[in-house]
Amino acid sequence: MRPDILNPLFAEISALKGVGPALARPLERLGLARAVDVAFHLPGSWVDRKLTDTLDMADAGRIIGIVLTPVEYKASGGSRAPFRVQATDRHGNYVSLIFFGRNSGWPRKLLPLGEPRFVSGKLDHYGQDLQIVHPDHVLPIEEAKDIPEREPVYGLSEGLTNNRMRELAAQALQRAPDLPEWIEPSLLAQKDWPGWHEALARAHTDPADMVAKARLAYDEIFAGQLALMLVRASSRRRRGTPIEGDGHLRSMLKLPFAPTGAQRRSIGEIEGDMAQATPMLRLLQGDVGSGKTLVALMALLNAVEAGAQGAMLAPTEILARQHFATLQNMLAGLPVNIAILTGREKGKAREATLMGLADGGIHILVGTHAIFQDAVQYRNLALAVIDEQHRFGVAQRMMLTAKAERTPHLLVMTATPIPRTLTLTYYGEMEVSRLDEMPPGRQPIETRVLSTARVDEVIEALGRHIAGGGQAYWVCPLVEESETSDQQAAEARAESLRMRFGDAIALVHGRMKGPDKDAVMEAFAADRTKVLVATTVIEVGVDVPNATLMIIEGADRFGLAQLHQLRGRVGRGDKASVCLLLRGGALGETSRARLALMRETNDGFRIAEEDLKLRGAGELLGTRQSGEAQFRLANPEQIAELIDPARDDARLLIDRDGGLDLPRGQAARTCLYLFERDAAVGLLRSG
Ligand code: ADP
Ligand code: MG
């Protein structure tokens, strides 16, 4: 349970004064749902305010703070005309304070004639006249000292002003308690870092305060490292089953190809881990098409040969079915029983599968997260393979590790080519195997970047492609951050393509029911439909070698890792493939560079490394893709600088006080809760 001391901070955002439904919406768009989110929504930049006592044409364009005395109201013209207040500085220089679209009552009240006020805003000139349009602040003089010379500027969304955001941040800060110190004292001293609360306050008042910001970033990194280390430690303490298959099943496999060197090496590493009594915790990283399925199969058979069971978890229904079909195929003729379990298996079939798992009649289970629900009892589960880790997140990984008495060996597979420097950050002390060699005979994919304005030409090319017997994917862009609008975009595109190509066009999106989705995928795989219009649900796994054209609309709005995975849907057969990236009109330099990179290389690891340089770690795995919040406070430079000390500090702490019971350990628990690593604390208790 979260310590009470943190509760005020974890209150719903509506608990903050002044937050009603109207404000909740723009806050929600920024991902700010609780006070703590506001507290961690740090200002990124600032404006410098020149405090002066003289109006000066030379300051036009700057934000100034100055004491002015209103001398005259000018309500000119019609109702739409602005309301003006003429005011003077103490030397008698004039300025017009201009208010649009308000009734004049408000400025009159704010600026009574003859009474000096502190006014701040951007000074402009209109011909020879100075003016300030909508001052940021108008205050009684004695309150002017509250206005900082350097004013923080927050990330905002429509309907939210910077002043309001500042107010909310102040409230959130009030709710933030003083917390016990979890940082190693010598490190704290060496870095000259303030305590947590002071650091937070400083980061909000002076966005240029790098020392305070570094401390907050460190806390976040530290919590992440500590959590990963606790998972690791807990899995080390657990007992797994040492597995050493004798190879009798694997030797029966009739593969149409020889494994690559990278596959061989990875299989060897996995066998080595599985032979230990400590459960394996290994990440298999390999680009789309690098052959992870074979490696998984070998590991699963290793378990089955030793008389145990294996389970493979896929992120989606479609992918689970495809894995099931692939594995079933490869296992043809072997005395191995494989079954599938998803939310869709019901009634008798489901019962039969559950029985088979309990009595050991089923050797390998493939499915969605349904396979780790409480109702599912295994006789002897020795290996869990998780495909596409980034869809699941650390929490589920922990849950999984925490569940069984005998912890299964764990193999996590990902096609997200996380750069080497970040592997530790994201996966902690997991062992890593890399499939850095592609199976031979792959045709390179030619990638072109085109403006969306040329979509008609693209449709022509699509027509020629399907006339020649080819199939194609058409991926629709992300619209806002909602599945519904993605779906609408895809529906509209499918509709317009149908006008031209009729029944050759199929549509699949995330909101479709499983059976419907599968029916569409099956028809496409069987070449009964020619163009699959899709939202990103086809992102992972689907394998249709005859589809050799990939069109991605709004390509500049996807993450590169995601683009790379999408592109990996083509180039699966022995025919040359083409990927067309349609981009929006005006692109920034980074967007241009990113798309150019896609054109230049097919190497997922290289794309990841370069994208890291272009965009930074925080964005590399967008939350949408990863399904788990990544760093909110730490930027890539800070991660690079602080990851080592954070890891050392976390390790030292665990070595000295593995149960986190001593005062610093207790403080570190609070830090884990603060960064919502509750599951890691749970592992501590269950020991
Ligand atoms: P991943 O899951 O890593 O994206 P898959 O396991 O689906 O890749 O493999 C992609 C394709 O490559 C499959 O059709 C598979 O049969 C084939 N394949 C795997 N290993 C090899 C190999 N060593 N040589 C040739 N083809 C291979
Ligand atoms: Mg795969």
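Thresholds, definitions, all that
- Residues numbered from 1 in each chain as written.
- Chains lettered and ligands numbered in written order.
- Predicted model: local features only at pLDDT ≥ 70, side-chain atom pairs only at ≥ 80, totals over all residues.
- Heavy atoms only, no water.
- Near = heavy atom within 4 Å.
- Polar contact = N/O pair within 3.5 Å; in protein donor to acceptor, adjacent residues only side chain to side chain.
- Salt bridge = Lys/Arg side-chain N within 4 Å of Asp/Glu carboxyl O.
- Helix = DSSP H or I, 4+ residues; strand = E, 2+ residues; numbered from the N terminus.
- Buried < 20%, exposed > 50% of the residue type's maximum accessible area, 1.4 Å probe, protein only.
- Pairing = 2+ DSSP bridges.
- pLDDT = per-residue confidence, 0-100.
- Contact = heavy atoms within 4.5 Å.
- Arc of directions from axis to C-beta.
- Axes fitted to C-alpha atoms, helices over the stretch in contact; angles between N-to-C directions.
- Parallel < 35°, antiparallel > 145°, perpendicular 65-115°, else oblique.
- Left-handed = near helix turned anticlockwise from the far one by under 90°.
- Nonpolar A, V, L, I, M, F, W, Y, C, P; charged D, E, K, R; others polar.
- Core = buried A, V, L, I, M, F, W, Y, C linked by side-chain atoms within 4.5 Å.

What follows covers the site of ligand 1. Near ligand 1, the surroundings consist of 16 residues, among which Gln263, Gly289, Lys292, Thr293 and Arg442 are the closest. Take Gly289: an N or O atom from its main chain is 2.6 Å from an oxygen atom of ligand 1.

Taken as a whole and assessed by the stated rule, the structure comprises 34 salt bridges. Ionic pairing is found between Arg664 and Glu184, a salt bridge with its closest N-O pair at 2.9 Å. Separated by 480 residues along the polypeptide, Arg664 in helix α23 (residues 663-674) and Glu184 in the loop between α4 (162-175) and α5 (185-191) bring together distant segments of the chain. For the residue pair Arg664 and Glu184, the accessibility class agrees, reading buried in each case. A salt bridge links Asp436 to Arg265; the nearest nitrogen and oxygen atoms lie 3.5 Å apart. Residue Asp436 is located in the loop between β15 (431-435) and β16 (445-451), and its partner Arg265 is located in helix α8 (residues 261-274); the two are separated by 171 residues in the primary sequence. For Arg265, a relative accessible area of 39% gives the class partly exposed. Salt bridges sharing common partners tie together Arg34, Asp37, Arg632 and Glu676.

Take the pairing of strand β1 (residues 45-51) next. Two strands pair when backbone bridges link them, and β1 and strand β8 (residues 150-153) are joined in this way by four bridges, in the antiparallel orientation. Bridging from a neighbouring strand, Ser45 pairs with Val153 of β8. The sheet contact formed by β1 and strand β2 (residues 63-75) spans three bridges and is parallel. In the strand pairing of β2, Arg49 is matched with Ile63.

Looking at the protein chain, the pLDDT average stands at 86 and 90% of residues meet or exceed 70. Low confidence marks residues 617-629, where pLDDT is under 50. Its contacts with residues over four positions away, or in another chain, come to 37 contacts.

Within helix α1 (residues 21-29), burial applies to Leu23, Pro26 and Leu27. Looking straight down α1, one finds its buried side chains confined to an arc of 100°; they lie on one side. Opposite the packed face of α1, turned more than 90 degrees from it, sit the exposed residues Pro21, Arg25, Glu28 and Arg29. Summarising the contacts, the buried residues of α1 are in contact with α4. Gly31, located one to two residues past α1, shows a positive phi value of around 80°.

Locating Ala555 in the fold gives a position in the loop between β20 (547-552) and α17 (560-567). On the basis of relative accessible area, Ala555 is assigned to the buried category, the value being 1%. Residues Ala555 and Pro477, 78 residues apart in the sequence, show an inter-C-alpha distance of 6.9 Å.

Below, the discussion takes up the sheet that holds strand β13 (residues 381-387). A sheet is described by the order of its strands in space; here seven strands give the open sequence β11-β12-β10-β13-β14-β9-β15, paired in parallel fashion. Strands with a single pairing partner mark the edges of an open sheet, and in this sheet they are β11 (338-341) and β15. Each neighbouring strand pair of the sheet contributes to a mean axis angle of 20°, computed without reference to strand direction. Along the sheet, helix α10 (residues 317-330) makes contact with β10 (309-313), β11, β12 (364-367) and β13, crossing β11 at roughly 175°.

For the rest of this paragraph, the subject is the packing of α17 against helix α18 (residues 589-600). Their axes nearest at 11 Å, the elements α17 and α18 cross at an angle of 30°. With respect to their mutual orientation, α17 and α18 come out roughly parallel. Along this stretch, α17 crosses α18, giving a crossing that reads as right-handed. Residue-level contacts link Leu560, Leu563, His564 and Arg567 of α17 to Arg594, Leu595, Leu597 and Met598 of α18. Considering only residue class, the contact of α17 with α18 consists of five nonpolar, one polar and two charged.

All right, on to the nonpolar core then. In globular proteins that are soluble, nonpolar side chains generally tend to be buried together. Counting residues in each nonpolar core, the largest one holds 66 residues, and the members touching the most others are Trp182, Trp196, Phe222 and Leu226. Top contributing element to this core by residue count: helix α7 (residues 210-237), with 12 residues. Those residues in contact with Trp196 that lie beyond four places of it in its chain are Leu9, Phe40, Ala176, Pro177, Leu179, Glu181, Trp182, Arg215, Leu216, Asp219 and Leu674.

Following both chains from N to C, one finds helix α9 (residues 292-305) and α10 inclined at 65°, their axes separated by 11 Å at the closest point. Two packed elements cross with a definite hand, and for α9 against α10 that hand is right-handed. Touching Thr293, Leu294, Leu297 and Leu300 of α9 are His323, Thr326, Leu327 and Met330, all from α10. Broken down by class, the residue content of the contact of α9 with α10 amounts to five nonpolar, three polar and no charged.

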